[in-house]
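# Commentary on secondary and tertiary structure
Listed here are the chains, written in short residue letters.
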Amino acid sequence: MTQKLTFHGIVQGIGFRPAAQRIAKELDIKGQVKNSGGNVKLIISGEKQALDEFVRRLITLFNIKKYDIENTDHAEFDSFKIVHSTNDDDTPFLTPDLATCRDCEAELTDKNNRRYHHPFISCVNCGPRYTVINKLPYDRENITMSEFDMCDDCKTEYKSVYDRRCHAQTIACNDCGPETNISIETAVKILKQGKILAVKGIGGYHLACRADKTESVKKIREIKGRETKPFAVMFSSLNEIQNYCKVNKKEKELLKSPARPIVLLEKIRDFDKSVCGESDYIGAFLPCNPIQIMLLDSVSPLVMTSANLSGEPIIINDNDINKFGVDVLSHNREILTPLDDSVVCVVAGRTQFIRRARGYVPLSIEIDTCAKADTLCLGGDLKAVFGFHRDKYVFLSQHFGDLDNSGVFESYKSNIKRFASLHGFKQNITAADAHPGYYSSNIYKNIIKIQHHKAHAASVIAEHKLKGKILAFAFDGTGYGDDGAVWGSEVFLINKNDFKRVEHLKYTKMLASDEVSKNGRLALACYLGGNELVDRALENNINTVLSSSMGRLFDAVCSLLDIKHYNSYEGECACALESAAKKADKPYNLAPSLDPAIILNQIKNALNTVKKEELALGFHMMLCNLICITAEKYRKKQSVNQIVLSGGVFNNRILTSFAISALEEKGFSVYINEKVPCGDGGIALGQAYLASLED
């Protein structure tokens, strides 16, 4: 019998066609296979039992979203072949960039292998994908490797059905592949001398230096304009990481996964303060490409941070890197899209994204609601991420940064066009944040406006496919509210598409300036008074706004305890407050309240007799108790048993882990973001969900 098959999912760039050819040969199946748009189509002919086994094996091997089988008229084939690709209009599921696999790494270090120390070694199981593709289907002529002609040896491997480089589109070797501008040996010497080296990677340039060279680390801070925010550190091996950090089983899996994200790990040994600042964590990661592997094999650990001025896009252009005035290790394989390193942590046994980028983008997220038509979801202006919703799949972009930077905004807009073109999206519907002043909300006309915190809550509902009544806590710094106030501590009672705001911190009149979000002393003065200029402005309603922000309350508590008074980067005061709380032997008992003034006055009255660390922990525990009390209240009133926690405040490990534990002990089912960030990097997913529910 003869069948036509279409496989949808992650089926291009990972060796699907060679695998199909090998299995067909083993089962005596004849026919053909080809890439078609973003999917794979086959015609197969053979005995029914063999055809069924053929499909079963492919499903077992690959990430198949769905597949279609159609019986057709019998066709005669003399063998099974990989034929030329076509570009049909199916929804594509593109492969993200994949870290160097074990087999390639072994060849890289084998002096007897012809790819010994080849800086671009890869196979069907690893290497760049998303960052090198010009258009679909994923074939050699459609990626940036097209300008490098394969040598005879590589051609032989490319055509050999049992070779793991059979139809590996990034195949190359020392004789025919891309080249570096300087040797790896020269680059190693530069690093060993304590100098800074700009290194071109998969998604852009990094600035690298030895982690034990304080002056070089400080110089990188000077170059980037990054005063205190911790740097990530790249280590040569898991064993080396464990010399500096606690690593549990799940963290180990993340570190060694093909995505190779930065994982925030608890310190057991520290570098100079210039590396990780005052953080209790080290952002640790392992090499993801051959160049990094070879560098780290000779000099490790390295500070490895994106090559950009703080707030600007990561550099991918070879000419732009020269403005830093440092040594450069570059190569002549073009990068088509900027892609930062992903950042994750593990909280209460669950993976939590801080930044979703290399290794995960452009993987789709399947949700339970279908888009009415292709929907562009613009996310927000901070930690900007856009997405497209088609059928039940939401395809999210990489992290861009904050759109008030013109370079970031231009990169964001140009990548919307690239993303749409690459996937074949039409943008029939557009959804954006309800904030009238957001850059992202003013790019297009006729958009669906979605309230910020409802999108936070919806992002968790979408990724966990929740049904029924839900109580959602959306805690963050700033979001434009339905009433024009600044929201940030919202509790929603949710039933299908009905989001009823049932609780929030009591409104506080605050100065309507960006400085309030940075200056803890200023936030504290808005809550408690005592600053003549602030008091006068508030009394006379000079540029003021009502606020229920939980983020500003964290800043005010941190300032009141004299721990830190200013956010030189987003969330710095909150991180410092959490760090102080971790040092406490016990929490000071604070009465739960929704009134920020009452909370702050309790802390103020205890300042002279109670350690600041105990007050810091007490504040966290008070919020945890407040969440539990609120949950119990609505279980009793509305029979709600599903709890959602989202918003940037839930990056706080103490609050999140204790809240999850306490709620689960009381029998609640608790959900947090695990596929997208809980901060603004996840709201495009929530926008997709809510836009699909619009009448």
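See above for the structure.
Residues numbered from 1 in each chain as written. Predicted model: local features only at pLDDT ≥ 70, side-chain atom pairs only at ≥ 80, totals over all residues. Heavy atoms only, no water.

In this section: the overall build of the chain. The secondary structure content of the chain amounts to 20 helices and 27 strands. Principal-axis analysis of the C-alpha atoms places the extent of the chain at approximately 85 × 60 × 45 Å. Buried residues in the chain amount to 60% of all 695 residues. A separation of at least 24 residues holds for 72% of the contacts in the chain among residues at least 6 apart in sequence. (Helix = DSSP H or I, 4+ residues; strand = E, 2+ residues; numbered from the N terminus. Buried < 20%, exposed > 50% of the residue type's maximum accessible area, 1.4 Å probe, protein only. Contact = heavy atoms within 4.5 Å.)

So, on to the sheet that holds strand 8 (residues 232–234). Ordered by their spatial adjacency, nine strands build an open sheet running 12-6-7-11-8-10-9-13-14, and the pairing between neighbours is mixed. Each end of this open sheet is capped by a strand with a single partner; those strands are strand 12 (327–329) and strand 14 (350–355). When the angles between neighbouring strand axes are averaged without regard to direction, this sheet yields 35°. (Pairing = 2+ DSSP bridges. Axes fitted to C-alpha atoms, helices over the stretch in contact; angles between N-to-C directions.)

Evaluation of the coordinates by the stated rule reveals 36 salt bridges. Taking the shortest distance from any N to any O, the salt bridge between Glu664 and Arg350 comes out at 2.7 Å. In this pair, Glu664 sits in helix 19 (residues 653–665) while Arg350 sits in strand 14, placing the two residues 314 residues apart along the sequence. The residue Asp374 makes a salt bridge to Arg390 at a minimum N-O spacing of 2.9 Å. Taken as a pair, Asp374 in the loop between strand 15 (364–366) and strand 16 (375–377) and Arg390 in strand 17 (residues 387–390) lie far apart in primary sequence, 16 residues in all. No difference in accessibility class separates Asp374 from Arg390, as the two residues are buried. When salt bridges that share partners are traced, they join Glu26, Glu53, Arg56 and Arg57 into one network. (Salt bridge = Lys/Arg side-chain N within 4 Å of Asp/Glu carboxyl O.)

Burial analysis of helix 16 (residues 572–582) places eight of its eleven residues in the buried class, which makes it a mostly covered element. Taken together, the buried residues of helix 16 touch strand 10 (281–285), helix 15 (550–560), helix 18 (612–638) and helix 19.

Further remarks concern the layout of surface pockets. One number sums up the size of the second largest pocket: a volume of about 1,200 Å³. For the second largest pocket, the lining is made up of 47 residues, of which Ala99, Ser257, Pro258, Ala259 and Arg260 are closest to its centre. Only strand 4 (63–72), helix 3 (102–108), helix 5 (184–192), helix 7 (238–242), helix 10 (290–298) and strand 15 provide two or more residues apiece to the lining of the second largest pocket. In terms of residue count, the dominant contributor to the lining of the second largest pocket is helix 10 (five residues). By residue class, the composition of the lining of the second largest pocket is 24 nonpolar, 13 polar and ten charged. (1 Å grid on protein atoms, 1.4 Å probe; cavity = no way out; pocket = protein on both sides within 12 Å on 5 of 7 lines; lining within 4 Å. Points joined across faces, edges and corners; volume = space filled by probe spheres on them. Nonpolar A, V, L, I, M, F, W, Y, C, P; charged D, E, K, R; others polar.)

If you walk across this open sheet you meet the six strands as 15-18-17-16-19-20, and the pairing is mixed. In this open sheet, the two strands that pair with only one neighbour each are strand 15 and strand 20 (448–450). Across this sheet, the average inter-strand angle for adjacent strands is 25°, counted without regard to direction. The pairing of strand 16 with strand 17 spans three bridges and is classified as antiparallel. Residue Cys377 lies in a different strand from strand 17, and its bridge partner there is Gly387. Packing against the sheet, helix 11 (residues 406–423) makes contact with strand 16, strand 17 and strand 18 (393–396), and its axis sits at approximately 30° to strand 17. Together, strand 15, strand 16, strand 17, strand 18, strand 19 (429–433) and strand 20 form the strand contacts of helix 20 (residues 683–693), whose direction differs from that of strand 19 by roughly 130°.

Another aspect to go through is the nonpolar core. Leu471, Phe473, Leu553, Ile603, Phe619, Ile627 and Leu645 are the most contacted members of the largest nonpolar core, which has 66 residues in total. When residues of this core are assigned to their parent elements, the largest contribution, 13 residues, is made by helix 18. Formed by 58 residues, the second largest nonpolar core is a distinct cluster that contains Val33, Leu42, Tyr138 and Ile143. (Core = buried A, V, L, I, M, F, W, Y, C linked by side-chain atoms within 4.5 Å.)

What follows is about the packing of aromatic side chains. Each aromatic ring pair is specified by the distance between its two centres and by the angle formed by the two planes. This model, assessed by the stated rule, comprises 25 aromatic pairs. With 4.5 Å between their ring centres and 15° between their planes, Tyr244 and Phe271 make a pair best called stacked. Taken together, the residues Tyr244 in the loop between helix 7 and helix 8 (249–256) and Phe271 in the loop between strand 9 (262–266) and helix 9 (273–276) connect sequence positions 27 residues apart. Phe271 shares its class with Tyr244; the two are buried. One aromatic cluster is present, formed by Phe93, Phe386, Phe388, Tyr393, Phe395, Phe400, Phe409, Tyr412, Phe419, Phe425 and Tyr439 through successive ring pairs. For the cation-ring pair, Arg653 lies above Tyr281, with the distance from its terminal atom to the ring centre recorded as 4.0 Å. (Phe/Tyr/Trp six-rings, centres within 6.5 Å; stacked < 30°, edge-to-face > 60°. Lys NZ or Arg CZ within 6 Å of the ring centre and 35° of its normal.)

Enumeration over the complete set of coordinates arrives at seven cavities of 30 Å³ or more. By volume, the largest cavity is sized at about 110 Å³. Around the largest cavity, the lining is made up of 17 residues, and of these Pro119, Ile202, Asn289, Pro290 and Arg333 lie nearest the centre. Tallied by class, residues from the lining of the largest cavity come to nine nonpolar, six polar and two charged. Within this model, the second largest cavity holds a volume of roughly 80 Å³. At three residues, helix 1 (residues 16–26) tops the list of elements feeding residues into the lining of the second largest cavity. A class-by-class count of the residues in the lining of the second largest cavity yields seven nonpolar, six polar and two charged.

Before going further, it helps to spend a moment on helix 12 (residues 452–464). An ideal rise of 1.5 Å per residue puts 18 Å on 13 residues; helix 12 measures up with 19 Å between its terminal C-alpha atoms. Judged by how many residues are buried, helix 12 sits mostly within the fold: twelve of 13 residues are covered. Looking at helix 12, one finds that the buried residues are His452, His453, Lys454, Ala455, His456, Ala457, Ala458, Ser459, Val460, Ile461, Ala462 and Glu463. Its side-chain oxygen at 2.8 Å from the backbone nitrogen of His453, Gln451 defines the N-terminal cap of helix 12. Following helix 12 by one or two positions, Lys465 has its phi on the positive side, about 55°. (Expected span 1.5 Å × (residues − 1). Polar contact = N/O pair within 3.5 Å; in protein donor to acceptor, adjacent residues only side chain to side chain.)

Right, let's get into the side chain of Glu503. Within the secondary structure layout, Glu503 lies in strand 23 (residues 498–503). Polar side-chain contacts of Glu503 include one of 2.6 Å to the side chain of Lys633. Non-local contacts of Glu503, meaning those with residues more than four positions away in its chain, are made with Ser489, Glu490, Val491, Leu594, Thr630, Lys633 and Tyr634.

It is worth spelling out the packing of helix 13 (residues 520–528) against helix 17 (residues 596–606) at this point. The interhelical angle for the contact between helix 13 and helix 17, taken along N-to-C directions, is 110°, at an axis separation of 9 Å. Accordingly, the angle class assigned to the pair helix 13 and helix 17 is roughly perpendicular. Listed contacts from helix 17 to Leu524, Tyr527 and Leu528 of helix 13 are Pro596, Ala597, Leu600, Asn601 and Lys604. A per-class count over the contact of helix 13 with helix 17 returns six nonpolar, one polar and one charged. (Parallel < 35°, antiparallel > 145°, perpendicular 65-115°, else oblique.)

Take the environment of Gly529 next. Position of Gly529 among the secondary structure elements: in the loop between helix 13 and helix 14 (532–539). Judged by its relative accessible area of 30%, Gly529 is partly exposed. Once the C-alpha coordinates of Gly529 and Tyr588 are considered, the two residues, 59 residues apart in sequence, prove to be 24 Å apart.

Okay, a nonpolar patch on the surface next. A surface patch of nonpolar side chains, about 240 Å² in accessible area, is lined by Ile59, Tyr67 and Ile69. Residue position: Tyr67 is located in strand 4. Tyr67 sits in the partly exposed class, given a relative accessible area of 37%. (Patch = residues over 30% accessible without salt bridge, like charges linked within 9 Å, V, L, I, M, F, W, Y side chains within 5 Å. Areas by Shrake-Rupley, 256 points an atom, 1.4 Å probe, with all protein chains shown as cover.)

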